[in-house]
Amino acid sequence: MAAAAGGGWPAVCEKFRAARTLSAVESLKDPETEPYRSKYSARALLQEVKQLLSAAEEGGEAVLAVRRAVLEYELGVNHTDTEELSAGEEHLQRCTQLLEPHRLSPDCVSLYIQAQNNLGILWSQRDRIETAQTYLESAEALYNQYMKEDGNPPLDPSEHFMAEEEKLTDQERSKRFEKAYTHTLYYLAQVYQHLDMIEKAAQYCHTTLKRQLEYCGYYPVEWARNAATLSQYYLSKECFMEARHCLAAASVIFSQAGQVPSAEDDETEPDQQDLPERKAEIARCWIKYCLNLLQSARKLLEDNIGELDPDRQLELKAQRKKEEDEKEKGRKKAVLFGTSDICDSVLAMEEKVSSVYPLDFQEAREIFLVGQNYVQEAKEFFQVDGYVTDHIEIVQDHSALFKVLAFFEEDYERRCKMHKRRIDMLEPIYTDLNPQYYLLIRRQLQCELADTYYEMMDLKVAIGNRLEKLDSHTVKKINSLAQFAIKYYELFLDSLRNPDKVFPEKLEEDVLRPAMVAKFHIARLYGKLITSDSKKQLENMQTSLEYYTFLVDYCEKYPDAVPAIETELELSKEMVNLLPASMERLRAKMSSLA
């Protein structure tokens, strides 16, 4: 061939190989001051190969067209890597145009799919997600058509610049082709997520993760992170078996990080230095799993006043026995990740925590303890110094675990102790938070602390009601808890005031319900305070009436607020009607005793 003048076809192939090495290997060592130095050198070599190739005399037009398409592809990726998207698009489009007539041939199909993938990435970078979707779905359709009509391992694009004796084995060709298709699915998962097609995104993400394990093409940390993220989608759908499987797989694969070389082109995984943070993130996903499973079980079991319904409990236990074996068999088929070795490790991990709704305290406690262990693991990394918001969210989840466990506890005294644990973990954090920087978090904690004291007060009242006569210690405890609840509700309401300490005339939508519930609970708490002093009792009733009246008046003035607080409003209206008469009776009694 005419290219022989420059050392023949082997020299052309050598230049092509050198360009790819510069792009893939040497570019990683480029200095920050010249981040694309090796990419630019690779581009110059690819242009030289292009010139030499145009002078080729052997192989025929079809072979020449494919080789030109390979070079256009490499140049397209090169320009995209150096953030020259327009030039990158031109080269990639030329590549697909050259291949179009033969795109289903074994010589072309892999290259065509990879060009479509890269056009999809390019349009995603331009925030043109629908255009990206078109290219990626085209690549997906082509893969499926090729596998249906031919199915033999196609040539890898790099083979078009190899001597015959250097060509890849069918096994290696198949591996590279499947990897290109896995990338198609991976990018489609991201596109569907951007388009809010969440269910489809989850389906493609799951398929991608399965294929990455199957073809050993993954970074352990990235894979584990994606699997843990997918678990949160399954949690949102209350598919706890699938969520647990994803998290168990994430934990097993994460444990490979730093221990086994990555199968992803023998590259080092980029974020090895972030291992403690990634481990803590997976632990947080486990916390959410345990918390969601317990909370969903609570919703199934509670009666209309929020207590555990024993009849419902028995009914669900009988139903579960009948269903769970068949259900597990059917769903596992669609869900399992990995080879048999990985599957065994994942199944062992799954056995540590249930995926079925807990129906009694013992079952709930087992899930709680797993969640609590992951709380400690997550807090090891997300410490309050440096990760204030993350640390507080983890503590709030820990508090929520105690709250939902208390629902399953029949003994009121033990239930009270669980709520006290919540107080002990939340109050110190609240006290240390600067209101100037953490206003929203402080509001959350004010409401949670108030609600917790409120629940404890209710429990102490219930315990007191079982006694023949209230002793002074119980009275003191009830009043103390009520006063603490009032304190935190008032702190929350005060945080809504303007700099002149004036309460807003109309509440913002995001604080409307919390503010109204706080007012309602304060009204009820003043009614619960126990005193033998009739004058003090009358004052408490008057304060209670004022808070109930606020709710009624506010909803009359702003009817659009009613849907947010219908139950509280109805009860407030009743109390506004009843309390004046009760107060009048008390005044009459006081007068007769005077």
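Structure's up top.
The structure contained in this document is the topic of the report that follows. (Residues numbered from 1 in each chain as written. Predicted model: local features only at pLDDT ≥ 70, side-chain atom pairs only at ≥ 80, totals over all residues. Heavy atoms only, no water.)

## Let's talk about the pattern of salt bridges
Next up, step 1: A complete count under the given rule lists 42 salt bridges for this structure.
Next up, step 2: Glu-568 is the salt-bridge partner of Arg-513, the closest N and O atoms lying 3.1 Å from each other. Residue Arg-513 is found in helix H19 (residues 509-528), and its partner Glu-568 is found in helix H21 (residues 566-593); the two are separated by 55 residues along the sequence.
Next up, step 3: Residue classification places Arg-513 among the partly exposed positions, given a relative accessible area of 38%.
Next up, step 4: For Glu-568, a relative accessible area of 11% translates into the label buried.
Next up, step 5: Between Glu-584 and Arg-587 there is a salt bridge, with its nearest N and O atoms 3.2 Å apart. Separated by three residues within a single helix, Glu-584 and Arg-587 lie in helix H21, roughly one turn from each other. (Salt bridge = Lys/Arg side-chain N within 4 Å of Asp/Glu carboxyl O. Helix = DSSP H or I, 4+ residues; strand = E, 2+ residues; numbered from the N terminus. Buried < 20%, exposed > 50% of the residue type's maximum accessible area, 1.4 Å probe, protein only.)

## Some remarks on unusual backbone geometry
Next up, step 1: With phi around 60 degrees, Glu-238 is a residue other than glycine that occupies positive phi space.
Next up, step 2: Of note, Glu-238 is situated in the loop between helix H9 (220-236) and helix H10 (240-254).
Next up, step 3: The phi torsion at Lys-501 lies on the positive side, around 65 degrees, for a residue other than glycine.
Next up, step 4: Within the secondary structure layout, Lys-501 lies in the loop between helix H18 (472-495) and H19.
Next up, step 5: By relative accessible area, Lys-501 is classed as exposed at 64%.

## Concerning the nonpolar core
Next up, step 1: Of all hydrophobic cores here, the largest spans 176 residues; its most connected members are Phe-161, Trp-223, Trp-286, Tyr-289 and Leu-507.
Next up, step 2: Apart from residues no more than four positions distant in its own chain, Phe-161 is found in contact with Trp-9, Val-12, Cys-13, Phe-16, Arg-17, Val-49, Leu-53, Arg-67, Val-70 and Leu-71. (Core = buried A, V, L, I, M, F, W, Y, C linked by side-chain atoms within 4.5 Å. Contact = heavy atoms within 4.5 Å.)

## Here's the deal with the side chain of Asp-360
Next up, step 1: Examined against the element boundaries, Asp-360 turns out to sit in the loop between helix H13 (340-350) and helix H14 (361-381).
Next up, step 2: Separated by 3.2 Å, the side chain of Asp-360 and the backbone nitrogen of Gln-362 make a polar contact.
Next up, step 3: Not counting residues up to four positions away in its chain, the partners in contact with Asp-360 are Gln-313, Lys-317 and Phe-408. (Polar contact = N/O pair within 3.5 Å; in protein donor to acceptor, adjacent residues only side chain to side chain.)

## Describing the layout of surface pockets
Next up, step 1: Volume-wise, the second largest pocket comes out at about 640 Å³.
Next up, step 2: Lining the second largest pocket are 22 residues, with Ile-305, Gly-306, Glu-307, Glu-455 and Asp-458 positioned closest to its centre.
Next up, step 3: Sorting the residues of the lining of the second largest pocket by element identifies helix H15 (388-408), helix H16 (412-432), helix H17 (439-465) and H19 as the ones contributing at least two each.
Next up, step 4: Among the elements that line the lining of the second largest pocket, the one with the most residues is H17, at seven residues.
Next up, step 5: Taken together, the residues that form the lining of the second largest pocket break down as 10 nonpolar, three polar and nine charged. (1 Å grid on protein atoms, 1.4 Å probe; cavity = no way out; pocket = protein on both sides within 12 Å on 5 of 7 lines; lining within 4 Å. Points joined across faces, edges and corners; volume = space filled by probe spheres on them. Nonpolar A, V, L, I, M, F, W, Y, C, P; charged D, E, K, R; others polar.)

Geometric descriptors of this kind do not, in isolation, establish any biological role.
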